[in-house]
Amino acid sequence: MTVSSEELEKAAETLRAGGLVAVPTETVYGLGADAENPAALARVFQAKGRPPTHPLIVHIGESDHLDRWVREVPETARLLAAAFWPGPLTLVLRRCARVPLAATGGLETVAIRMPDHPVALALLAEFGGGIAAPSANRFGSVSPTTAEHVRAELGAAVDVVLDGGPCTVGVESTIVDLSGDAPRLLRPGGVTREELETVLGQAVPDGASDGVRVPGQHPSHYAPAAKVVLVDAEQVVAEAELADKQGHRVGVLLPASQTGMPVTAHTVITVPATDADYARGLYGFLREFDRQGCDLVIACLPPREGLGLAIANRLGRAAGPRPGA
Ligand code: TXA
Ligand code: MG
């Protein structure tokens, strides 16, 4: 493990004192606080610049602890937790009184997950309680997949940054709502819809968007500074050339099918061969285009199956309308 026991103890102490700890998980880095301390939760919203009506995810260290945070654990939740925890799956269930409304954005449901990262699990064991953590980025921007991203974006707003290395999944957890009559997919992520459906033996259709309360569902989420334009795979090279001629500083996410083509652009990143590698790299690629000063990024969507659904979702949001833009 990359973090010493002294660092872990200090981080747990910081959480107990109401401070903020950036925690590596397998998906993205989280900005963690004591899930039962409303004042600490208020600091999370402040550090992120996120409206307090937007719910957080409560991270737990053991599947058995789920009962402590929710009113009842339906069979579907037991099945999914047994199959995918620790792992990139978040379950939305009816909250019990222990969960402050500050963690749920005022909702009667709470989002819970057990992360699959040795540092996160060690911190949860050391701390003992639940850690409420949104992704450790400023509201609306790209989620951090390295400790360096967190430091660059949140700086002094975080008391402790635990460096657990680069995240292995790279996109956020899948969120499934189990608080209603039937399971609903609220956000595609590291666990695929196909995997959920296999375990549950039933379809898991998309859930209705809860509008403003669910930031992961804002169209403008996960956006780099550069404008992202999505085109068909066969159009990527031609569109890049056109934008280059128009004077843009162009970044290209070049699909594997087009790699034989000569591309005129400032920065070209070739899409990795597997969806797992693509998901792992995606947010780093978007940050790299910004670092290179690109003002326009040309990309195409992968097929919406398996992990491709989560990648397409994040690219679609990166290309979505921006507030005030
Ligand atoms: O992979 C992840 O899930 C990462 C790591 C740090 O665990 N966390 C993350 O948190 O992505 P955040 O805050 O960026 O996204 C959490 C999302 C919210 O955007 C919202 O969509 C959903 O969880 N959520 C939380 N509580 C909910 C609830 N009660 N009902 C519906 N959606 C909820
Ligand atoms: Mg987020």
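Residues numbered from 1 in each chain as written. Chains lettered and ligands numbered in written order. Predicted model: local features only at pLDDT ≥ 70, side-chain atom pairs only at ≥ 80, totals over all residues. Heavy atoms only, no water.

Trainee: I'd like a description of the state of the cysteines, backed by residues and values.
Mentor: Across all of its chains, the model carries zero disulfides by this definition. Cys294 takes part in no disulfide bond, and the closest cysteine sulfur to it belongs to Cys300, at a distance of 17 Å. Judged by its relative accessible area of 11%, Cys300 is buried. (Disulfide = S-S within 2.5 Å. Buried < 20%, exposed > 50% of the residue type's maximum accessible area, 1.4 Å probe, protein only.)

Trainee: Describe the pairing of strand β4 (residues 89-94), with residues and values.
Mentor: Of all the six residues making up β4, five are buried; the element is thus mostly covered by neighbouring parts of the structure. With four bridges connecting them, β4 and strand β8 (residues 174-177) associate as parallel partners. Within β8, the residue paired with Thr90 across the bridge is Ile175. Examined bridge by bridge, β4 and strand β5 (residues 109-113) share four bridges and lie antiparallel to one another. Pairing of Leu93 across the sheet is with Val110, part of β5. (Helix = DSSP H or I, 4+ residues; strand = E, 2+ residues; numbered from the N terminus. Pairing = 2+ DSSP bridges.)

Trainee: Which residues make up a negative patch on the surface, and what values go with them?
Mentor: A surface patch of like charges, here negative, comprises Glu6, Glu7, Glu9, Glu126 and Asp163. The element contributing the most residues to the negative patch is helix α1 (residues 5-16), with three residues. With respect to the helices, strands and loops of the structure, Glu126 is situated in helix α5 (residues 118-127). (Patch = residues over 30% accessible without salt bridge, like charges linked within 9 Å, V, L, I, M, F, W, Y side chains within 5 Å. Areas by Shrake-Rupley, 256 points an atom, 1.4 Å probe, with all protein chains shown as cover. Salt bridge = Lys/Arg side-chain N within 4 Å of Asp/Glu carboxyl O. Lys, Arg positive; Asp, Glu negative; His and termini not counted. Charge placed at Lys NZ, Arg CZ, Asp CG, Glu CD.)

Trainee: Please give an account of the domain arrangement of the protein chain that cites residues and values.
Mentor: Considered domain by domain, the protein chain is made up of domain 1 (5-210) and domain 2 (227-318). The C-alpha centroid of domain 2 is placed 29 Å from the C-alpha centroid of domain 1. The interface is formed by 22 residues belonging to domain 1 together with 15 residues belonging to domain 2. Three residues stand out in domain 1 for area buried against domain 2, namely Val142, Val171 and Pro188, and they jointly supply 37% of the buried area on that side. The tally of links from domain 1 across to domain 2 stands at two salt bridges. Here Arg314 ties to Glu172 by a salt bridge, and the two come within 2.9 Å at their closest N and O atoms. Between domain 1 and domain 2 we count eight residue pairs in polar contact (both at pLDDT 80 or more) in total. For the side of domain 1 that touches domain 2, the secondary structure elements donating two or more residues are α6 (147-154), β9 (184-187) and α7 (193-200). Of the residues that constitute the side of domain 1 that touches domain 2, the class distribution is eight nonpolar, nine polar and five charged. (Domains from an automatic or database assignment. Contact = heavy atoms within 4.5 Å. Buried area = accessible area lost by both parts, 1.4 Å probe. Polar contact = N/O pair within 3.5 Å; in protein donor to acceptor, adjacent residues only side chain to side chain. Nonpolar A, V, L, I, M, F, W, Y, C, P; charged D, E, K, R; others polar.)

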